[in-house]
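# Residue-level structural notes
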Amino acid sequence: MNRERRRALSCWYLSGPTASGKTKVGVSLAKRIGAEIISLDSMAIYRDMDIGTAKPTDDELGGVPIHLINIVDPSEEYSLAQYIKAAHEKIDEIHNRGKRVLFVGGTPLYLKGMLRGIFEGPPADKDFRQKLQDKMEGHPPELLHEMLAKIDPESAKKLHPNDIRRVVRALEVYELTGKPISSFQKQFDSGVTSEECHVYVLQWPREELYARIEKRVDKMMYEGFLDEVKRLTERKLEISTTARQALGYRELLDYLDGKMKFGQAVDLIKQNTRNFAKRQETWFRSLSECRYTPGAAPMFALEHDEPPDG
RNA sequence: GGGGGAUUUCCCGAGCGGUCAAAGGGGGCAGACUGUAAAUCUGUUGUCAACGACUUCGGAGGUUCGAAUCCUCCAUCCCCCA
């Protein structure tokens, strides 16, 4: 196990699907263990996107420091690798201050990136992707997959021909490094057990979770979510593709573009959020590090579960 | 009061005598996922002792070797003329 991974595993984590109550529980947990919070959220990194990302307010934080929110402008793209790098820097900073680190958030890919590490690969290459797209003009998507099968049969076998994004990335990595992406990805498969780390996942019965989501979306609308999105569209800078795919924002953006009625947009936000929550849960199930705790009454058994040093 | 149209599996919606447990979409459920991830992709979805059987297409009858598809009556909804 390398140094990065050891460092990541020395931190505490609180995750769970959207609307599971992570912020509230996270803040109280942070206070109990003397931690600063690092947000584990792919959208809260954006400034000016507050209501829709359910960013914690100063009031909710009650003085607990939080990091990696409001660090990029909505016009900028952002990626997994950037997050992981920034997070590791933050961990060092906080540890040097003699505090513990508690990650709080619901982006499972980022969670896995912390827990299992990521591979040092080349960033996305827009030119390459553009060229590939031009080349594919008029050809069936299976052709890409066939191309991949020739250079990296292992990845091709794992990827569905329709999974164009991943097929393209695999092709891209090969083009840029001369090595198949499958040769980089081997290390992430095995994780430590939940007893060996502090990764907590808030859990709710599905029905209750869905009801909480509905309620929360209504609350966001009441708090002025639409105005927040309007303000975003009034800026000079275009909203980046990463930022505009945030739940709620994309539906409201479509509404403002006249693509649907307001009520439809709100219903869609609820629906898409429910689907997302379900996908998050699939992730948690796949990570051996996760320890479940009931969202309604999380218990952290601090007395006989001493946190690791550092 | 008269004329016309509709009723399909959780929802929307195809089907118009056999190849129909019934296209497609939505939803549900499950899975994948490492530089777009709150994204993207995949599988599954009547029941069962399940390569076969059984029950479904508003209800009840009928025609036919055979019906979700044709006929009759009933129910509900919609439209048009009064």
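From a predicted model like this one, the values you see are computed outputs, not experimental measurements.

Calculation criteria
- Residues numbered from 1 in each chain as written.
- Chains lettered and ligands numbered in written order.
- Predicted model: local features only at pLDDT ≥ 70, side-chain atom pairs only at ≥ 80, totals over all residues.
- Heavy atoms only, no water.
- Salt bridge = Lys/Arg side-chain N within 4 Å of Asp/Glu carboxyl O.
- Buried < 20%, exposed > 50% of the residue type's maximum accessible area, 1.4 Å probe, protein only.
- Helix = DSSP H or I, 4+ residues; strand = E, 2+ residues; numbered from the N terminus.
- Pairing = 2+ DSSP bridges.
- Contact = heavy atoms within 4.5 Å.

### Details of the pattern of salt bridges
- Taken as a whole, this structure holds 21 salt bridges when the rule is applied.
- The residue D163 makes a salt bridge to R166 at a minimum N-O spacing of 2.9 Å.
- The salt bridge partner of K259 is D254, with a shortest N-O separation of 3.6 Å.
- Since its relative accessible area comes to 59%, K259 is described here as exposed.
- Shared partners join several salt bridges into a network, and the residues in it are E36, K90, E93, R97 and K99.

### Regarding unusual backbone geometry
- Positioned with a positive phi, D48 is a non-glycine residue whose angle comes to about 65°.
- Relative to the elements of secondary structure, D48 occurs in the loop between strand 2 (35–39) and helix 3 (58–61).

### Overview of the pairing of strand 2
- Most of strand 2 sits out of view: five of its five residues are buried.
- Every second residue of strand 2 is oriented toward a common face, with A35, I37 and S39 on one face and E36 and I38 on the other, all of them buried.
- Pairing geometry for strand 2 and strand 4 (residues 100–104), over five bridges, is parallel. Bridged to I37 within strand 4 is L102.
- Both strand 2 and strand 3 (residues 66–67) contribute to a ladder of two bridges, which runs parallel. Across the sheet, the residue bridging to I38 is H67, located in strand 3.

### Structural notes on the environment of H67
- Tracing the backbone through its elements, the reader meets H67 in strand 3.
- Remark: the alpha-carbon pair of H67 and I91, spanning 24 residues in sequence, is separated by 9.8 Å.
- Not counting chain neighbours up to four residues away, the residues in contact with H67 comprise E36, I37, I38, S39, K90, I94 and R97.

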